[in-house]
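# Coordinate inspection notes
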Amino acid sequence: MTIVLGAIADDFTGATDLANNLVRGGMRCVQVIGVPSAPIQLDDVDAVIVALKSRSCPSEEAVSASLKALTWLQQLGVRQLFFKYCSTFDSTDQGNIGPVADALLDQLGARQTVMVPAFPVNGRTVYQGHLFVGDRLLNDSGMQHHPLTPMTDADLVRVLSRQTPHGVGLVAHATIAQGTEAIQQRLEALARQDVRHVICDSVSDGDLERLAEAVSSQPLVTGGSGLGQALPERYRRQGWLAPIAEPGRLQSASGRALVLSGSCSRATLAQVDAFLERHPGAGFALDPLSLAKDDVQWESAFGFALKRLADDEPVLIYASANPEKVHQAQAELGVAQAGELVERALSQLAASLVNEGVGRLVVAGGETSGAVVSALGIQALRIGEQIDPGVPWTQATLAGRSRPLSLALKSGNFGGIDFFTRAFEVLQ
Ligand SMILES: Nc1ncnc2c1ncn2[C@@H]1O[C@H](COP(=O)(O)OP(=O)(O)OP(=O)(O)O)[C@@H](O)[C@H]1O
Ligand SMILES: O=C(O)[C@@H](O)C(=O)CO
């Protein structure tokens, strides 16, 4: 059967989040890390997700990587394209959501796309074009302090209008509530006014189902994984997808357990605190200012982890810090360098500690996960059981290792407070 969906995700945790929801909808998914350099086996696959690290890089790089992914997916003959970005619309005035969406539309020869970041089960909803995280507007949710893409405006029409020269419009909730026909009529009316990007309100799974029905035949849809949760059922009704497939089972996990965290989100900071409270002495804090000086802190972190792993004790290495500390590091080092130092330190720890027997690895943060997965040389991930909404266990085959590596890539703001402990319980 034809591959139904080809997705391009702007970060690695976002890619596994989308894959997780598609698998739960009964689609057989493969997640690849960048465009594969050699042909890969895609028999019996309904969806292919290309994970990029294009959320925070210069927009020209994001556009070029996304178009390369699109070309590859077009060659596979996929029926619909999905541009996956964050449910908190992480971006800056330079992009990358607007420029990438424009470039994808151009290459597809399509005139319009919907923008649907909502993921209600995780508290992300959009009403009158304004993004909420739980009961807070985006700019008051903690996302205003994000180290790389601070979100200081919750009005997505306004946010996106700064990123594209094209028209940006809204399908408001009153229309979504009326159902498919009303949504399609509104999209058509906006297209006639040359509105190219359409932010869509959605406050419930029902809204996402109505939207999915309205857009499941469009060449390109964009948004968070909430829309991805609703699409498989539409594809099935359109006859594009066989009845519910058995989502693949992963091999049993083996090896030592390690948690690495480079996310500074409110949720991750609470998860770090909860883990350290439950396992006193199990954490090692990295600090970009020390990392910038020499290798001493990295070596200490490595030694600390080795010792605890040898004793089979829980271990968490983290750079996660409150906004004051992050700003202090950024003021001295610059935003990009502070981030890079942390990403390099954590990804080198991952590579070295996997060599020392780590087989179950949890990574918190999308950029951080991108750096770790790249350092490990992983090319593709199989999707397994969900730990919390949006975060599944995955498995990767590594060169020179007989057993696969089990890997959970946690989006910054996802997961319950006990995530770092519960993740390993789910594996047993
Ligand atoms: N103490 C720190 N000071 C400055 N920058 C930091 C610090 N700790 C982490 N960082 C950087 O902040 C960025 C956090 O982004 P990351 O995407 O990993 O987390 P997140 O945004 O919370 O997760 P997600 O993208 O999944 O929502 C990374 O580039 C990381 O290196
Ligand atoms: O949509 C989300 O919130 C996540 O999948 C994500 O992209 C975080 O990096």
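Residues numbered from 1 in each chain as written. Chains lettered and ligands numbered in written order. Predicted model: local features only at pLDDT ≥ 70, side-chain atom pairs only at ≥ 80, totals over all residues. Heavy atoms only, no water.

Looking at an unreviewed UniProt entry, one finds the protein chain named 3-oxo-tetronate kinase and attributed to Halomonas dongshanensis. The UniProt entry for the protein chain carries this comment under Function (unreviewed entry): "Catalyzes the ATP-dependent phosphorylation of 3-oxo-tetronate to 3-oxo-tetronate 4-phosphate." Its UniProt record, at the heading Sequence similarities (unreviewed entry), says of the protein chain: "Belongs to the four-carbon acid sugar kinase family." (UniProt positions renumbered as here; feature names shortened; annotations may be inferred.)

### Looking at the nonpolar core
L286, I317, L361 and I378 are the most contacted members of the largest nonpolar core, which has 78 residues in total. Element by element, the count of residues in this core is highest for helix 13 (residues 335-355), at 9 residues. Non-local contacts of I317, meaning those with residues more than four positions away in its chain, are made with L258, V259, L260, S261, F284, L286, A301, F304, A305, L346 and L349. Ranked by size, the runner-up nonpolar core spans 45 residues in total, among them V126, L131, L156 and I199. (Core = buried A, V, L, I, M, F, W, Y, C linked by side-chain atoms within 4.5 Å. Buried < 20%, exposed > 50% of the residue type's maximum accessible area, 1.4 Å probe, protein only. Helix = DSSP H or I, 4+ residues; strand = E, 2+ residues; numbered from the N terminus. Contact = heavy atoms within 4.5 Å.)

### Some remarks on the UniProt feature "domain: Four-carbon acid sugar kinase nucleotide binding" (unreviewed entry) in the protein chain
What UniProt calls "domain: Four-carbon acid sugar kinase nucleotide binding" (unreviewed entry) maps, in this numbering, to residues 258-420. The span residues 258-420 carries 48% helix and 23% strand; its end-to-end C-alpha distance comes to 9 Å.

### As for the site of ligand 2
The immediate surroundings of ligand 2 are formed by D11, T13, G14, D17, R55, K84, Y85, C86, S87, S411 and F414. Here an oxygen atom of ligand 2 and a side-chain polar atom of D17 are 2.6 Å apart. Expressed as a share of its isolated accessible area of 270 Å², the protein-covered part of ligand 2 is 96%. Top element by residues in the shell around ligand 2 is helix 1 (residues 12-24). It accounts for 3 residues. Grouping the constituent residues of the shell around ligand 2 by class yields 3 nonpolar, 4 polar and 4 charged. (Near = heavy atom within 4 Å. Polar contact = N/O pair within 3.5 Å; in protein donor to acceptor, adjacent residues only side chain to side chain. Areas by Shrake-Rupley, 256 points an atom, 1.4 Å probe, with all protein chains shown as cover. Nonpolar A, V, L, I, M, F, W, Y, C, P; charged D, E, K, R; others polar.)

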